Every structure is written in structure tokens, then in C-alpha cells.
Amino acid sequence: MFEKDSFKKGVERLAKFDKMVKAFPKDLAEPIDASFLRMIVRRVRQAANKRRKAAGGATARAGRANTSKPTKAAVATKKRKIESKLAEMDDNAPPSMLEVRVPGKGAAFPAIHFDAKDFEKGN
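Residues numbered from 1 in each chain as written. Predicted model: local features only at pLDDT ≥ 70, side-chain atom pairs only at ≥ 80, totals over all residues. Heavy atoms only, no water.

A.B. asks: Help me get a handle on a nonpolar patch on the surface, residues and values and all.
C.D. replies: Together, Met-20, Phe-24 and Leu-28 give the surface a local cluster of nonpolar side chains, amounting to about 230 Å² of exposed area. Within the secondary structure layout, Met-20 lies in helix 1 (residues 9-21). Taking relative accessible area as the criterion, Met-20 reaches 37% and is therefore assigned partly exposed. (Patch = residues over 30% accessible without salt bridge, like charges linked within 9 Å, V, L, I, M, F, W, Y side chains within 5 Å. Areas by Shrake-Rupley, 256 points an atom, 1.4 Å probe, with all protein chains shown as cover. Salt bridge = Lys/Arg side-chain N within 4 Å of Asp/Glu carboxyl O. Helix = DSSP H or I, 4+ residues; strand = E, 2+ residues; numbered from the N terminus. Buried < 20%, exposed > 50% of the residue type's maximum accessible area, 1.4 Å probe, protein only.)

In C-alpha cells, the structure reads:
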């Protein structure tokens, strides 16, 4: 039969990183060892759990189960419905929706073009 100490789950779980280290070349500028691989895997797992938790909370608050992007056709249909409702509510409503550009996350933003008229003082 088995001895109680012959199989240790924690040791076996960490041994897979020792096996993975053998797959990397030995002459790298920054050598890769098992502890580095454990750290990277832990970071990725924690980040994924954090994203999953945040997304779960956002969908629960919004009352939506599906977080996929809507198609262009669905957006156009929704836009037409909103425009028709505005036209029914107010005869002076503009014929189309106003497009507002909101910057996204990150460091790359779209270029905004200005005209000299934008900065003139009104008399």
C-alpha cells in the first residue's frame, strides 16, 4: 500500500515548474528558473481572477448576462429607433444623433482637429 508521505500534493504541484524550466535555453541574458515561472503563473492567474470578478460585478449591476459587443447592424437599428422616438416626441428634434467622441483607456487618443473659429470671441 501507499505510505502516507510518499505523495505530497504541494510538492508534485510545484514540480511541474521544474520540468518546464528544462524547456528554456540555458544561455539567456536573464536566466529563467522555477521560482520565476511560479511568479508569472501566479500573476496571470490573479489578474484573470480579478478581471473575472470585476466583470461579474459589472454585469450583475447592469442586469446583463451577455457582455459581447453589439454588431454594427444592431447599433444602427437601435440608433434608428431612438431617432424615430425623438422625432415623435419633438418636432424640432434634429434629424440625426449627435456624435460625441469620448477618449478610451490607454495612451493612444484620436487626433482632434480645431478651427480658428472655435477660438474667436463672440461679439
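A.B. asks: Describe the packing of aromatic side chains, with residues and values.
C.D. replies: The final tally for this structure, using the stated rule, is 1 aromatic pair. Centre to centre, the rings of Phe-114 and Phe-119 are 5.7 Å apart; their planes meet at 50 degrees, and the pair counts as tilted. Looking at Phe-119, the relative accessible area reads 60%, which means it is exposed. (Phe/Tyr/Trp six-rings, centres within 6.5 Å; stacked < 30°, edge-to-face > 60°.)

Purely geometric stuff here, so don't read any function into it on its own.
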